[in-house]
Amino acid sequence: MKHTLSVLVEDEAGVLTRIAGLFARRGFNIESLAVGPAEKVGISRITMVVPGDERSIEQLTKQLYKLINVIKVQEITTTPCVERELMLIKVKGTSSTRSEIIELAQVFRARVVDIAEDSLTIEVVGDPGKMVAIVQILSKFGLREVARTGKIALIRESGVNTEYLKSLEAKV
């Protein structure tokens, strides 16, 4: 199972290296990694997606707390969260397929950010499932390049679980 960890750290040189080293020593692969400033100056938030079982993630969390500069570690996989990713995708596009590609991008609420003679670059923001879906749809035109950020996530203060709401909506 894939787990999402949200780690608050002091914003100092070498913190990310120490965290990555810990993961490497334990034989964990980091599938997704996003780092950026948090709500307070001098603090950064690291959001990671890591495969593993409950026991190994618990051990990893304990090891993270032992590192200097780590302030808080939250395993937020099953917690109601707002999750987003950003992806830029360059698609082969001729004058005959350009309008269809643009229409498909609009369905996904994506934006065309560059058009060339033989390609279009599209910006997509959304949850990880949306990224997979648009790549599948656009792959029939031919993908030239894909650049994708790691997942970022914040816990929903409202506590509303959108996955639960989606399942209710599907039953109606």
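Above this text sits the structure in question.
Since we're looking at a predicted model, the values are computed, not measured.

The rules behind the values
Residues numbered from 1 in each chain as written. Predicted model: local features only at pLDDT ≥ 70, side-chain atom pairs only at ≥ 80, totals over all residues. Heavy atoms only, no water. Pairing = 2+ DSSP bridges. Helix = DSSP H or I, 4+ residues; strand = E, 2+ residues; numbered from the N terminus. Axes fitted to C-alpha atoms, helices over the stretch in contact; angles between N-to-C directions. Core = buried A, V, L, I, M, F, W, Y, C linked by side-chain atoms within 4.5 Å. Buried < 20%, exposed > 50% of the residue type's maximum accessible area, 1.4 Å probe, protein only. Contact = heavy atoms within 4.5 Å. Patch = residues over 30% accessible without salt bridge, like charges linked within 9 Å, V, L, I, M, F, W, Y side chains within 5 Å. Areas by Shrake-Rupley, 256 points an atom, 1.4 Å probe, with all protein chains shown as cover. Salt bridge = Lys/Arg side-chain N within 4 Å of Asp/Glu carboxyl O.

A.B. asks: Explanation requested: the sheet that holds strand S2 (residues 32–37) in the structure shown.
C.D. replies: As a general point, the strands of a sheet are linked pairwise by backbone hydrogen bonds and lie either parallel or antiparallel. With antiparallel pairing, four strands are arranged side by side in an open sheet as S2-S3-S1-S4. Across the chains shown, the open sheet's two edge strands, defined by having one partner strand only, are S2 and strand S4 (70–75). With direction set aside, neighbouring strand axes in the sheet form an average angle of 15 degrees. Here S2 pairs with strand S3 (residues 43–51) via six bridges, running antiparallel. Pairing of proline 37 across the sheet is with serine 44, part of S3.

A.B. asks: What exactly am I supposed to notice about the nonpolar core here?
C.D. replies: As a rule of thumb, nonpolar side chains are buried together in soluble globular proteins. Counting 17 residues, the largest nonpolar core has Leu5, Val7, Ile19, Phe23, Met48, Val50 and Leu64 as the members making the most contacts within it. The set of elements that each furnish at least two residues to this core consists of strand S1 (2–10), helix H1 (15–25), S3, helix H2 (54–66) and S4. Among residues more than four places away in sequence, those in contact with valine 7 are Ser44, Arg45, Ile46, Met48, Leu64, Val70, Lys72 and Val73. Residues Leu120, Ile122, Met131 and Phe141 belong to the second largest nonpolar core, which totals 14 residues.

A.B. asks: For this particular structure, what's the right way to read a nonpolar patch on the surface?
C.D. replies: Among the surface-exposed residues, Leu16, Leu33 and Val35 lie close enough to one another that they form a single nonpolar patch of about 220 Å² accessible area. Examined against the element boundaries, leucine 16 turns out to sit in helix H1. The exposure class of leucine 16 is partly exposed, given its relative accessible area of 36%.

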